[in-house]
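Fold and contact review
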Amino acid sequence: MKGDFVSNLGRIYGLYTGGFVGFVILLAILEQLGVPNRIIGYLFVFFTLAVYAGIGVLSRTMQVSEYYVAGRKVPPIYNGMATAADWMSAASFIAMAGGLYAQGYDGLAFVLGWTGGYVLVAVLIAPYLRKFGAYTVPDFLGARFGGNFARSIGIIVLFCCSFTYIVGQVVGVGTIASRFLGISFEISVFVGLIGILVCSMLGGMRAVTWTQVAQYIVLIIAYLVPVVILSAQTTGIPVPQLMYGEILQRITELEQTKAALAGAKAHVIPYSTFDSLNFFALILCLMVGTASLPHVLMRFFTTPSVRDARKSVGWSLLFIFLLYFTAPSYAAFAKYEIYNNVIGTSIAELPNWVRIYSEIGLVTIADANNDGLLQFTEFKINPDVIVIATPEIAGLPYVIAGLVAAGGLAAALSTADGLLLAIANALSHDIYYRMVDPTASTAKRLTISRILLIVVALMAAVVASTRPGGILALVAWAFSLAAAGLFPVLVLGVWWKRCTKEGAIAGMIVGFGFTLFYLVATKYFAMPTWFGVSNISAGLFGIPTGFLATWIVSLMTPPPSKEMQDFIDSIRIPRGQTLMEEKAD
Amino acid sequence: MSSQSSDTPAKAVEHWNRTKSLMWVTLVIWFIFSFGVHFFVNQLNTITFIGFPLGFYMAAQGSLIAFVVLTFWYSSKQNQIDEECGMAED
């Protein structure tokens, strides 16, 4: 059945998608029959978690290459879906549209930065790492820069970026689960943890891959449905991505004519939130960070060939694009609704959804001038509400709100799975197998890996349950840290033969250290920013210093050996065996 | 598909040179759509494109479409280079 599974993927996921749509329709009917909202919410969360767990159990494996790289037989288009789910987190699903609502044009730096990086992945890094046959990113560093020192620094960088990132995801899972299940945040975190673990523990990369494909399907349906309906209601045409151009014009008109909107930033005018330097610096850091984050890169180790790895980056980007080019339309439709029907309205006659969200404190209304009318400056909205409230703005039944929750949960879980695996694999493969006990049996290696998975997951849940403040800022930092610590050595390791072990070690330490210094010094020690560059774009200084340090130190040390030069030649051509075949399969 | 091992060094050099040129071409296009067009956002915003101010449109959709097309284009071009130089996978 295993061979059958890959050749039947289209039918299996077709059936799954049909089943999911049927399930949503069934819940819609149940809702009409009078089943309470709370039960609908429970059914959504538990049914989807059960499906992900079921895939995890079915994909269990005891083979090393299945566990680490899904047996390298994931077709490009499915790896594209899995990468898209791996990539798009709770922040993309829920917070991004809210950020675009608040920041207008300037928020598009995130949309650009989180897509364009894939061009760098395809051209500079992924195919070459796939040819090398790495199981993990530090594995490549260890082989190219001869030895465990480079590997260890790689692991430290990987751990710092991935761990802050995973805590952010677990917080996201807890927030969604607690809102829709009505249980406390701390308990929700551990419920979510079980969902993450069941799927990754038994089957490693294989289980995570097939679960992520399933999660992508849920999250993209959940993201598109509410805004498509809202677009049909507002403009008559169910293509929000095209129709919001017209909505933007209406927003601009309202901004200029409506007196109650005094103080609102113009939506389409650039640089009202960041200046242009920060706008472009952020784009650069997010793009380069994308091309350096280990949990993304390792997805391209699972394709059957180098050619498929490249093509797969294209598919990933296409699937990510579907969500990212929809996000600005959420922001525009919500803004139009608020500017048109909420601001300037008598406070006694506000739309129903405003009342619902002000009761739970996500919308704040304060009639400062006591005229009974709502002014722009008297209205505050939590950005996360934009996506969550769209079903209610459109007056849709509760089942659609449940669908959005299921989508947000899928986004957070799939990213958490990928990150958890990236950390646990680095610890078990790179530290335990490569550095502690290279003779360990397959069974022992996989057992160690599973134990580490649980340990890291528990650590993440414990940190998340304390609700660390400013975790979203930490997630944004992960991009700059990964960009400065890993990008220069990954790129130069492939593209510059003269790059030496000492150069790489210096580059990683200087790039990562310098970025960390700027982040910590500006955030906690009140160091003034340089040229006004905010600390989420710290990589603007760290990336060039990383390159520079690698370059200078490489030129000061003797060139790599003939064997190493041949090794680099062989990863540059797709033909031939992968260089690091697993013998213990 | 696979070439003789005797002509491999020359073919390998040609393969790598063509790979490098393709890399630079792709990165230049990437740079234009990541940064270049957005330098002119204010000028572009005076033009309306399918209802959008063009500068806004480029950041919200235009550049993203360019990235998707560019990645697929790059992947087929590189594949062509691999095949013509006998460096493709069997």
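All of these numbers come straight from a predicted model, not from anything done at the bench.

1. Remarks on the overall build of chain B
The helix and strand tally for chain B stands at three helices and two strands. Taken from the N to the C terminus, the helices and strands of chain B come in the order α-α-β-β-α. Here the C-alpha radius of gyration of chain B, 19 Å, is well above what a compact globule of 90 residues would show, namely 12 Å. Taken over the C-alpha atoms alone, chain B extends approximately 60 × 20 × 10 Å along its principal axes. Residues counted as buried form 34% of the 90 residues belonging to chain B. When contacts within chain B are restricted to residue pairs at least 6 apart in sequence, those whose partners lie at least 24 apart make up 61%.

2. Observations concerning the overall build of chain A
When helices and strands are counted, chain A shows 23 helices and two strands. Over its C-alpha trace chain A gives a radius of gyration of 24 Å, about what one expects of a compact globule, namely 25 Å for 585 residues.

3. Section: the interface of chain A and chain B
Accessible area lost when the parts come together is the quantity often used to give the size of an interface. At the junction of the two partners, chain A supplies 38 residues and chain B supplies 36 residues. Contributing elements (two or more residues each) for the side of chain A that touches chain B: helix 7 (108-132), helix 11 (240-257), helix 12 (276-290), helix 14 (306-324) and helix 23 (562-572) of chain A. The element contributing the most residues to the side of chain A that touches chain B is helix 14 of chain A, with ten residues. For the side of chain A that touches chain B, the per-class residue count stands at 25 nonpolar, six polar and seven charged.

4. Things to note about the packing of helix 8 (residues 137-144) of chain A against helix 9 (residues 148-181) of chain A
All names here are of chain A. Contact geometry for helix 8 and helix 9: axes closest at 7 Å, N-to-C directions at 155°. It follows that helix 8 is roughly antiparallel to helix 9 by the angle criterion. Crossing hand, helix 8 versus helix 9: right-handed. For the pair formed by helix 8 and helix 9, the contact residues are Val-137, Pro-138, Leu-141 and Gly-142 on the first element and Asn-148, Ala-150, Arg-151, Gly-154, Ile-155 and Leu-158 on the second. Along the lines of polarity and charge, the residues of the contact of helix 8 with helix 9 split into six nonpolar, three polar and one charged.

5. Focus: the packing of helix 5 (residues 76-87) of chain A against helix 10 (residues 185-235) of chain A
Residue and element names in this part refer to chain A. At their nearest, the axes of helix 5 and helix 10 sit 8 Å apart, and the two run at 70° to each other. The angle between helix 5 and helix 10 falls in the class roughly perpendicular. When helix 5 is examined against helix 10, the residues Tyr-78, Met-81, Ala-82, Ala-84, Ala-85 and Asp-86 are found in contact with a partner set consisting of Thr-209, Gln-212, Val-213, Gln-215, Tyr-216 and Leu-219. Here the residues of the contact of helix 5 with helix 10 are counted per class, giving eight nonpolar, three polar and one charged.

6. Things to note about the UniProt feature "transmembrane region" (unreviewed entry) in chain B
Residue and element names in this part refer to chain B. If you check UniProt for "transmembrane region" (unreviewed entry), the listed places come out as residues 21-41 and 47-74 in our numbering. Along residues 21-41 one finds 95% helix and 0% strand; the C-alpha atoms at either end are 30 Å apart. The span residues 47-74 is 75% helix and 14% strand, and its two end C-alpha atoms sit 30 Å from each other.

7. So, helix 5 of chain A
Residue and element names in this part refer to chain A. Taking 1.5 Å of rise per residue, the twelve residues of helix 5 would be expected to cover 16 Å, and the 16 Å separating its terminal C-alpha atoms lies within 8% of that figure. Here helix 5 lies mainly inside the structure; eleven of its twelve residues are buried. When we look at burial in helix 5, the residues that qualify are Pro-76, Tyr-78, Asn-79, Gly-80, Met-81, Ala-82, Thr-83, Ala-84, Ala-85, Asp-86 and Trp-87. Next to the buried residues of helix 5 lie helix 2 (9-32), helix 10, helix 13 (294-297), helix 14 and helix 18 (398-436).

8. Side note on the nonpolar core
Proteins that are soluble and globular tend to have nonpolar side chains buried together. Val111(A), Leu129(A), Val170(A), Leu219(A), Leu409(A) and Leu420(A) are the most contacted members of the largest nonpolar core, which has 229 residues in total. Not counting residues within four places of it along the chain, the set of residues in contact with Leu219(A) comprises Ala85(A), Met88(A), Phe93(A), Gly407(A), Ala410(A) and Ala411(A).

9. Quick look at the environment of Val119(A)
Secondary-structure assignment places Val119(A) in helix 7. Note: C-alpha distance between Val119(A) and Ile269(A) (150 residues apart in sequence) is 28 Å. Not counting residues within four places of it along the chain, the set of residues in contact with Val119(A) comprises Thr26(B), Trp30(B), Phe67(B), Leu70(B) and Thr71(B).

10. What about the environment of Gly289(A)?
Residue and element names in this part refer to chain A. On the secondary structure map, Gly-289 appears in helix 12. For Gly-289, a count of 27 C-beta atoms within 10 Å puts it in the buried group. C-alpha of Gly-289 to C-alpha of Leu-481: the two residues are 192 residues apart in sequence and 7.6 Å apart in space. When neighbours within four sequence positions are excluded, Gly-289 is seen to be in contact with Gly-117, Phe-479, Ser-480, Ala-482, Ala-483 and Gly-539.

11. Structural notes on the confidence of the model for chain B
Residue and element names in this part refer to chain B. Mean pLDDT for chain B: 90, with 91% of residues reaching 70 or above. For chain B, strand 1 (residues 48-49) is the element with the lowest average pLDDT, namely 92, and helix 3 (residues 54-84) is the one with the highest, namely 96. pLDDT under 50 marks residues 1-6. Its contacts with residues more than four places away, or in other chains, come to eight contacts. Reported for the predicted complex are a pTM of 0.93 and an ipTM of 0.93.

12. Structural notes on helix 3 (residues 37-58) of chain A
Residues and elements named next belong to chain A. In this model, helix 3 (22 residues) spans 32 Å end to end at C-alpha, consistent with the 32 Å of a helix rising 1.5 Å per residue. Within the sequence span of helix 3, burial applies to Ile-40, Gly-41, Phe-44, Val-45, Thr-48, Leu-49, Tyr-52, Ile-55 and Gly-56. Axial view of helix 3: buried residues confined to an arc of 150°, hence all on one face. The exposed set on the far side of helix 3, more than 90 degrees from its buried face, consists of Arg-38, Ile-39 and Ala-50. Buried-residue contacts for helix 3 involve helix 2, helix 9, helix 10 and helix 18.

13. Some points on unusual backbone geometry
Trans is the common state for peptide bonds, and a negative phi is the common state for residues other than glycine. Residue and element names in this part refer to chain A. Its identity is not glycine, yet Tyr-271 carries a phi of approximately 60°, on the positive side. Turning to its location among the elements, Tyr-271 is positioned in the loop between helix 11 and helix 12. Of the residues examined, Tyr-271 has 15 C-beta atoms within 10 Å and is grouped as partly exposed. Unlike most non-glycine residues, Asn-370 shows phi in positive territory, near 50°. Along the chain, Asn-370 falls in the loop between strand 1 (363-365) and strand 2 (379-381). Exposure remark for Asn-370: the 6 C-beta atoms within 10 Å place this residue in the exposed category.

14. Examining the environment of Ser152(A)
Residue and element names in this part refer to chain A. Tracing the backbone through its elements, the reader meets Ser-152 in helix 9. The class of Ser-152 is partly exposed, set by 17 C-beta atoms lying within 10 Å. In this structure, the C-alpha to C-alpha distance between Ser-152 and Leu-446, residues 294 residues apart in sequence, is 21 Å.

The rules behind the values
Residues numbered from 1 in each chain as written. Chains lettered and ligands numbered in written order. Predicted model: local features only at pLDDT ≥ 70, side-chain atom pairs only at ≥ 80, totals over all residues. Helix = DSSP H or I, 4+ residues; strand = E, 2+ residues; numbered from the N terminus. Rg over C-alpha atoms; globule rule 2.2 N^0.38 Å. Buried ≥ 20, exposed ≤ 12 C-beta atoms within 10 Å, placed from the backbone. Contact = placed C-beta atoms within 7 Å. Nonpolar A, V, L, I, M, F, W, Y, C, P; charged D, E, K, R; others polar. Axes fitted to C-alpha atoms, helices over the stretch in contact; angles between N-to-C directions. Parallel < 35°, antiparallel > 145°, perpendicular 65-115°, else oblique. Left-handed = near helix turned anticlockwise from the far one by under 90°. UniProt positions renumbered as here; feature names shortened; annotations may be inferred. Expected span 1.5 Å × (residues − 1). Core = buried A, V, L, I, M, F, W, Y, C linked by C-beta atoms within 7 Å. pLDDT = per-residue confidence, 0-100. Arc of directions from axis to C-beta.

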